Amino acid sequence: MPNKELLLIPGPTPVTDEIYDALSSETYAHTDPRVVACTLDSLAMTRQMFNTDGEVFLIAGSGTLAMEMAIVNTVAPGERILVLSQGFFGDRFIKLAESFGILVDVVASEWGKRVCPATVRLKLESAKYKAVTITHVDTSTGVLADLDTLVPLCKTFGALVILDGVCATAAAPEDMGHDYGQGARLDVVLTGSQKAIGVPPGLAIIAFGPEALAARAALGKVGAYYADIYNWLPIMKDPGKYFATPAVNMLYAYRKALQIIHAEGLGARYARHSRVAKAVREALRLLGLVPLADEKVAAPTLSCLLYPAGVDDLTFRKSLAAKGVVVAGSLASLAGKAFRLGHMGNVEVAELRRAIALIGETLGEQVVGLNVTAALAVFDAQSRQ
Ligand SMILES: *Cc1c(COP(=O)(O)O)cnc(C)c1O
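Note that the structure is predicted; figures quoted are calculated from it, not measured.

Draft legend 1. Quick look at the pattern of salt bridges. Evaluated as defined, the whole model comprises 17 salt bridges. A salt bridge links Glu55 to Arg47; its shortest N-O distance comes to 3.6 Å. A relative accessible area of 15% places Glu55 in the buried class. Residue Glu211 pairs with Lys155 through a salt bridge whose shortest N-O separation is 3.0 Å.

Draft legend 2. A look at the sheet that holds strand 12 (residues 302-306). Read across the sheet, 4 strands follow the order 11-12-15-14 without closing on themselves; strand pairing throughout is antiparallel. Unpaired on one side and paired on the other, strand 11 (290-291) and strand 14 (328-329) mark the two borders of the sheet. Where strand 11 lies against strand 12, 2 bridges are found, and the strand directions are antiparallel. Paired with Pro291 across the strands is Leu305, a residue of strand 12. Against the sheet, helix 11 (residues 313-322) makes contact with strand 14 and strand 15 (338-342), and its axis sits at roughly 30° relative to strand 15, the strand it touches most.

Draft legend 3. Fine view of the domain arrangement of the protein chain. What the domain assignment lists for the protein chain is domain 1 (17-263) and domain 2 (265-383). Computed from C-alpha coordinates alone, the two centres of domain 1 and domain 2 are separated by 28 Å. Facing the 30 residues of domain 1 at the interface are 23 residues of domain 2. For the pairing of domain 1 and domain 2, the buried interface totals around 2,000 Å² over both sides, and the portion due to carbon and sulfur atoms is 64%. Among the residues domain 1 hides against domain 2, the three largest losses belong to Trp111, Gly142 and Ala171. Together they make up 23% of the total. Counting across the domain 1 and domain 2 interface gives 0 salt bridges. Put simply, domain 1 and domain 2 have 9 residue pairs in polar contact (both at pLDDT 80 or more) between them.

Draft legend 4. Expanded view of the side chain of Arg340. Relative to the helices and strands, Arg340 is located in strand 15. Salt bridges are absent for the buried Arg340, whose nearest opposite-charge side chain, Asp138, sits at 6.8 Å. Looking at Arg340, its side chain comes within polar contact range of the main-chain oxygen of Thr139, at 2.7 Å. Separated by 2.8 Å, the side chain of Arg340 and the backbone oxygen of Gly329 make a polar contact. Excluding residues within four positions of it along the chain, Arg340 makes contact with Leu8, Pro10, Thr139, Ser140, Leu302, Ser303, Cys304, Val327, Ala328, Gly329, Ser330 and Leu331.

Draft legend 5. Expanded view of the environment of Val290. Of note, Val290 is situated in strand 11. Exposure remark for Val290: the relative accessible area of 40% places this residue in the partly exposed category. For the pair Val290 and Arg92, spaced 198 residues apart in sequence, the C-alpha to C-alpha distance is 26 Å. The residues touching Val290, leaving out its near neighbours within four places in the chain, are Arg285, Cys304, Leu305 and Leu306.

Draft legend 6. Inspection of the sheet that holds strand 2 (residues 55-60) at higher detail. Taking strand neighbours across the sheet as the criterion, the 7 strands line up as 2-10-9-8-5-3-4 in an open arrangement whose pairing is mixed. Strands at the two margins of the open sheet, each flanked by one partner only, are strand 2 and strand 4 (103-108). Pairwise comparison of adjacent strand axes, ignoring direction, gives a mean angle of 20° for this sheet. Pairing of strand 3 (residues 80-85) with strand 4, which is carried by 6 bridges, proceeds in the parallel orientation. Note that in strand 4 the partner of Ser85 across the bridge is Ala108. Sitting on the sheet, helix 3 (residues 63-72) touches strand 2, strand 3, strand 5 (131-135), strand 8 (160-164), strand 9 (188-192) and strand 10 (203-208), and the angle it makes with strand 9 is about 160°.

Draft legend 7. Seen up close, the packing of aromatic side chains. Applying the stated criterion across every chain yields a total of 8 aromatic pairs. Aromatic side chains Trp232 and Phe243 sit 5.0 Å apart centroid to centroid with 90° between the ring planes, which places their arrangement in the edge-to-face category. Placement of Trp232 in helix 8 (residues 229-237) and of Phe243 in the loop between helix 8 and helix 9 (248-264) is noted, with a sequence separation of 11 residues between them. For the pair Trp232 and Phe243, a shared accessibility class is recorded, and that class is buried. Both rings, one in Tyr307 and one in Phe316, keep their centres 5.4 Å apart while their planes meet at 80°; by these two values the pair is edge-to-face. In this structure Phe316 comes out as buried when scored by relative accessible area, which is 0%. The ring centre of Tyr28 lies 3.6 Å from the NZ or CZ of Arg34, which sits over that ring. For Lys195, the ring lying beneath its charged end belongs to Phe89, and the centroid distance is 5.2 Å.

Rules used throughout
- Residue numbering note: each chain is counted from 1, following its sequence as written.
- A pLDDT threshold of at least 70 governs which residues receive local features in this predicted model, and a stricter bar of 80 or more applies before side-chain atom pairs are shown or counted, although totals over entire chains, interfaces and linings include all residues.
- The basis for every side-chain value is the complete set of heavy atoms in the structure, and neither hydrogens nor water enter the calculation.
- Here, a salt bridge means any Lys or Arg side-chain nitrogen found within 4 Å of an Asp or Glu carboxyl oxygen.
- Each residue is placed in one exposure class: buried if its accessible area under a 1.4 Å probe, protein chains only, is under 20% of its type's maximum, exposed if it is over 50%, and partly exposed if it falls in between.
- In this description, strands pair whenever DSSP reports at least two bridges between them.
- By the criteria applied, helices consist of DSSP H or I runs no shorter than four residues and strands consist of E runs no shorter than two, each listed in order from the N terminus.
- Contacts were defined at the residue level, with two residues in contact if any of their heavy atoms lie within 4.5 Å.
- Orientation is described by lines fitted to C-alpha atoms, with helices fitted over the stretch in contact, and by angles between N-to-C directions that extend from 0 to 180 degrees.
- In this document the domain limits rely on a domain assignment from an automatic tool or a database.
- By definition, the buried area sums, over both parts, the 1.4 Å-probe accessible area that each loses when the two are put together.
- In protein, a polar contact requires one atom able to donate a hydrogen and another able to accept it; more generally it is a pair of N or O atoms within 3.5 Å, and residues adjacent in sequence count only if both atoms are side-chain atoms.
- We count Lys and Arg on the positive side and Asp and Glu on the negative side, and we leave His and both chain ends out.
- When two rings of Phe, Tyr or Trp (its six-membered ring) have centres within 6.5 Å they constitute a pair, described as stacked for plane angles under 30 degrees, edge-to-face for angles over 60, and tilted for the intermediate range.
- Criterion for a charge above a ring: Arg CZ or Lys NZ at most 6 Å from the ring centre, at most 35 degrees from the ring normal.

As structure tokens, then:
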């Protein structure tokens, strides 16, 4: 089932034929040995992706469920967390944690910028935080978090580091075995199926490292049932057991996606995303579209692009969609001033090239003097391996 539209929003992303085929395979009993084997394969490949020997959970739900599972299984009501926010999805942790009676402090960046490490340090010195949340790529701004700076900083103060990888996993390194300095490691990485992994929406994926598992153990009871990892731990060890019906077909699709990811190779996949993201932005700059994030902090997965003067957002996106390319509007104060373009997952370079050509053509309906040929030439030169 080939896609009729090129879906270049910040997720869901284009789904390949192989993944659709896996998704539409016959639904077996969730306890069937073939489903059990699929789940065990998927868990092993997820462990490999995050390079963790901790516990991995594959649960029916969206990325937000994964965020909730990360918080409720590590932080008790009345304890304090620090949210490092580089946009809309960073902010999501505030209300989420408050819903569970957790005390929340925030260090927020200006949209399009990174949080200031000195401000983060001051906050960490000011109170005892059980955990710090970091959004790897904030989907509202296209900013990539500086893990090399933030992870060791937070761990120095004894906080658990929870990484929201929903818009980054499988496109940027999320290595839970990596020592960021003096033994500082990521404690929880959470993600969803529909972004750079390239599966339709519907699976929440969460990995807990040893310190996070110790935090869960120390909590005793938690204020959740479906989201309590202790209800899922026996299932992830033996997927033939039942707690709540797993999304069988989503697991077929997810296994296929992981096979594709590991066949490409994590290193090659990360390098491809970085290279193609730069090429996309360089080409679009020539069409007068200015990325919100400076190239030094820009994400490999999506870009938030400011329109040149005189372009009406809705007219542009409608006309582009009529040509078969779907991009997303922007959020909050950027609404109407910028659009967001996903360039992640299994999307092909040739598809992104076609998108750039059509973006140029569509912008040309509202502004004069664009050189689409030059933009495509830059894209071709930069996107090549
Ligand atoms: C999309 C996204 C989410 C929310 O995921 P849902 O699947 O929509 O619940 C959370 N965090 C980030 C960084 C995202 O990009």
